[in-house]
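As a plain string of letters, each chain reads:
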Amino acid sequence: MSERLLLVIDIGNTNTVIGLYDGERLDQHWRLTTRAEGTVDEYGSTIRHLVLLAGLDYKEIGGIAISSVVPPLTATMERMCRTYFGHRPVVVGPGIKSGIAILYDNPKEVGADRIVNAVAASERYGGDLIVVDFGTATTFDCVSGAGEYLGGVISPGMGISVEALFKNASKLPRVELAKPKAVIGKNTVQSMQSGIIYGYVGLVEGIVRRLKKEFRSTPKVIATGGLSTLIARETDVVDHVDEHLTLDGLRLLYEKNRKEVRS
């Protein structure tokens, strides 16, 4: 049986996103809750089951790439890949070939997901770039047209902000992250939604504006992550929404490093 499929796994603090590529085409993708205490067998059986439910054969998976910002789970996933799929994965981290020069005081501090996004954005869009990833934290990553990771900004994600508001203000309820009918809220839920959504739009616009001044150019702004579409609809600073940017970056990094893994 041919091994034509590539499995990519992006382990975030809140969600783990899994993709299955057939060549350059993203065939399937799934989003799981990240559980740092999850076992090799739990993750292995779950991913196998998802692949089978999609009408595909997990035995056709010929390679795997992983990025992780949850260190305790990285080793678990590596063992899972060998046990359930028979492959040693490409794991994004120090020593990996990325094609990106990391101009950070300590390159080892840069999260794997940020490197992956920089690789994908540089490959897909070219030129000076700002990549905004709406995850547990919202990150702004700056990439030069020469393929250099320049650094960026880390701010609390929308989910963290909402949870903090709920936990620390006893009379405020949990609310859905959705656009309200108007900026002027007519009830508590609408008022909170307005503050969260438009407050975050203001944060994105303000940081992007300041980053552009330091570029001394007009970089393209790429938004990705689960809430990227919601925010991008409310601002004109985002040039492209690319929901699967991180998964595509993992595919690219696998291609750059597959020979080392298989040697």
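Here's what I pulled together on the structure shown here. Please read all numbers here as calculations on a predicted model, not as lab measurements.

About the cut-offs
- Residues numbered from 1 in each chain as written.
- Predicted model: local features only at pLDDT ≥ 70, side-chain atom pairs only at ≥ 80, totals over all residues.
- Heavy atoms only, no water.
- Helix = DSSP H or I, 4+ residues; strand = E, 2+ residues; numbered from the N terminus.
- Expected span 1.5 Å × (residues − 1).
- Polar contact = N/O pair within 3.5 Å; in protein donor to acceptor, adjacent residues only side chain to side chain.
- Pairing = 2+ DSSP bridges.
- Core = buried A, V, L, I, M, F, W, Y, C linked by side-chain atoms within 4.5 Å.
- Buried < 20%, exposed > 50% of the residue type's maximum accessible area, 1.4 Å probe, protein only.
- Contact = heavy atoms within 4.5 Å.
- Axes fitted to C-alpha atoms, helices over the stretch in contact; angles between N-to-C directions.
- Parallel < 35°, antiparallel > 145°, perpendicular 65-115°, else oblique.
- Left-handed = near helix turned anticlockwise from the far one by under 90°.
- Nonpolar A, V, L, I, M, F, W, Y, C, P; charged D, E, K, R; others polar.
- Lys, Arg positive; Asp, Glu negative; His and termini not counted.
- Salt bridge = Lys/Arg side-chain N within 4 Å of Asp/Glu carboxyl O.

**Description of helix α5 (residues 188-215)**
For step 1, the next point in the chain: A rise of 1.5 Å per residue sets the reference length of α5, with its 28 residues, at 40 Å; its end C-alpha atoms lie 40 Å apart and thus fit the reference within 8%.
For step 2, the next point in the chain: Taking the backbone nitrogen of Val-189 as reference, a side-chain oxygen 3.2 Å away marks Asn-187 as the first, capping residue of α5.
For step 3, the next point in the chain: A positive phi of about 60° marks Arg-216, the residue just after α5.

**So, the sheet that holds strand β7 (residues 129-134)**
The strands making up a sheet are joined through hydrogen bonds of the backbone, oriented either antiparallel or parallel.
For step 1, the next point in the chain: The strand order across the open sheet formed by six strands is β6-β9-β8-β7-β10-β11, and the pairing between neighbours is mixed. Two strands close off the open sheet at either side, each with one partner strand: β6 (101-102) and β11 (240-241).
For step 2, the next point in the chain: The pairing of β6 with strand β9 (residues 148-156) spans two bridges and is classified as parallel. By the bridge assignment, Ala-101 is partnered in β9 with Glu-148.

**Things to note about the nonpolar core**
For step 1, the next point in the chain: The biggest cluster of nonpolar side chains holds 29 residues, and the ones touching the most others in it are Val-8, Ala-65, Val-90, Val-92, Val-119, Leu-245 and Leu-250.
For step 2, the next point in the chain: Only β1 (5-11), β2 (15-22), α3 (112-125), β7 and α7 (245-262) provide two or more residues apiece to this core.
For step 3, the next point in the chain: Those residues in contact with Val-90 that lie beyond four places of it in its chain are Ile-64, Ala-65, Ile-66, Ile-96, Leu-253, Tyr-254, Asn-257 and Val-261.

**Looking at the packing of helix α1 (residues 40-53) against helix α2 (residues 71-85)**
For step 1, the next point in the chain: At a minimum axis distance of 9 Å, the contact between α1 and α2 shows a crossing angle of 55°. Between α1 and α2, the interaxial angle falls into the category oblique. Here α1 and α2 pass one another in a crossing that is right-handed. Seen from α1, the contacting residues are Val-40, Asp-41, Tyr-43, Gly-44, Ser-45, Ile-47 and Arg-48; seen from α2, they are Leu-73, Thr-76, Met-77, Arg-79, Met-80, Thr-83, Tyr-84 and Phe-85.
For step 2, the next point in the chain: Along the lines of polarity and charge, the residues of the contact of α1 with α2 split into eight nonpolar, four polar and three charged.

**Some words on the side chain of Asp-133**
For step 1, the next point in the chain: Tracing the sequence through the fold places Asp-133 in strand β7.
For step 2, the next point in the chain: The buried charged residue Asp-133 lacks any salt bridge partner; its closest oppositely charged side chain belongs to Arg-114, at an N-O distance of 8.1 Å.
For step 3, the next point in the chain: Reaching out from Asp-133, the side chain makes a polar contact with the side chain of Asn-117 at a distance of 2.9 Å.
For step 4, the next point in the chain: When residues no more than four places from it in sequence are discounted, the contact partners of Asp-133 are Asn-117, Thr-138, Thr-139, Thr-224, Gly-225 and Thr-246.

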